Amino acid sequence: KSMMEASALAAKECEDDEKEKAPPFDEAKLSALVAKTVTDAVAKKAPVILVRANPITPGKFLVLFIGYVASVDEAMRAGTAVAGDTLIDSVFLPQVHAAIPPALDHVPRVAAISSLAIVETLSVASTILACDAALKAANVELVALRLAQGLGGKGYFVVSGALYDAEAAESA
């Protein structure tokens, strides 16, 4: 063997060793691929408005959409079917409180702030459910709704109203 062939052979053996040690997949890339496939299935299945489709933490991706109840239900079924066992959490919320969709784009409008209630949860789905319940339980306005991004997958919302209403919203 020539010196060139020996070097090529040694390099090939090192590459084979590295392949055996490498993980079978990159979790973040797999998450993005699955999320893109889920987003595609959702958008093609029914007429919904895609609010967000972005990574929130390494290995986690948020797909958030709104629309008429039947359309969202149909798109949700398609998305969860495509996601399969990679799905971490989901929520289907018909008749969501009217203040939530605009807040998803970070544009809540509040006339005046009185007392505040701040609620933090462990997931996007539980944040939206808790926020919806709080807004329906008391006479409060939504001040802020933050979902996952920069929060490690968690979420929180802030409502304002009279003290008794803020307390009732927080307890809901």
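The model shown is predicted, which means the values in this text are computed figures rather than measured ones.

Asks: Requested: an account of the pairing of strand β2 (residues 60-66), with residues and values cited.
Replies: In terms of strand pairing, strand β1 (residues 49-57) meets β2 through seven bridges, oriented antiparallel. Looking at β2, one finds that proline 55 is bridged to phenylalanine 61. Turn length for the β1-β2 hairpin, with the two strands adjacent in sequence and antiparallel, is two residues, and the turn residue glycine 59 shows positive phi of about 85 degrees.

Asks: Give a description of the environment of leucine 135 that names residues and reports values.
Replies: Following the sequence through the fold, leucine 135 ends up in helix α5 (residues 124-137). Relative accessible area serves as the criterion here: at 4%, leucine 135 is assigned to the buried category. Spatially, the C-alpha atom of leucine 135 lies 9.7 Å from that of alanine 166, the residues being 31 residues apart in sequence.

Asks: Any chance you could break down the pattern of salt bridges for me, citing the residues and the numbers?
Replies: Proximity of charged atoms lets side chains of opposite charge pair with each other. A full pass over the atoms with the stated rule returns four salt bridges. Between lysine 44 and aspartate 40 there is a salt bridge whose closest N-O contact spans 3.1 Å. With lysine 44 and aspartate 40 both in helix α2 (residues 27-45) and four residues apart, the pair spans about one turn of that helix. Across the pair glutamate 120 and lysine 154 runs a salt bridge whose closest N-O atoms are separated by 4.0 Å. With glutamate 120 in strand β3 (residues 115-121) and lysine 154 in the loop between β4 (141-147) and β5 (155-161), the pair connects residues that are 34 residues apart, well separated along the chain.

Asks: Which residues make up the environment of serine 114, and what values do they have?
Replies: Tracing the backbone through its elements, the reader meets serine 114 in the loop between α4 (100-103) and β3. Between the C-alpha atom of serine 114 and that of serine 160, which follows or precedes it by 46 residues, the distance is 5.8 Å. Ignoring sequence-local partners within four residues, the contact set of serine 114 consists of Ser160, Gly161 and Ala162.

Asks: For the nonpolar core, give the residues involved together with the corresponding values.
Replies: Among the nonpolar cores identified, the biggest contains 24 residues, and Leu142, Leu145, Phe157 and Val159 are the most heavily contacted of them. Where this core is concerned, the elements lending two or more residues are β1, β2, α4, β3, α5, β4, β5 and α6 (163-171). For this core, the leading source of residues is α5, giving five residues. Counting residues in hydrophobic clusters, the runner-up holds nine residues, among them Val38, Val42, Val48 and Phe65.

Asks: Give a detailed account of the side chain of serine 160, specifying residues and quantitative values.
Replies: Structurally, the position occupied by serine 160 is in strand β5. Within polar-contact distance, the side chain of serine 160 engages the backbone oxygen of serine 115 at 3.4 Å.

What counts and how
- Residues numbered from 1 in each chain as written.
- Predicted model: local features only at pLDDT ≥ 70, side-chain atom pairs only at ≥ 80, totals over all residues.
- Heavy atoms only, no water.
- Pairing = 2+ DSSP bridges.
- Helix = DSSP H or I, 4+ residues; strand = E, 2+ residues; numbered from the N terminus.
- Buried < 20%, exposed > 50% of the residue type's maximum accessible area, 1.4 Å probe, protein only.
- Salt bridge = Lys/Arg side-chain N within 4 Å of Asp/Glu carboxyl O.
- Contact = heavy atoms within 4.5 Å.
- Core = buried A, V, L, I, M, F, W, Y, C linked by side-chain atoms within 4.5 Å.
- Polar contact = N/O pair within 3.5 Å; in protein donor to acceptor, adjacent residues only side chain to side chain.

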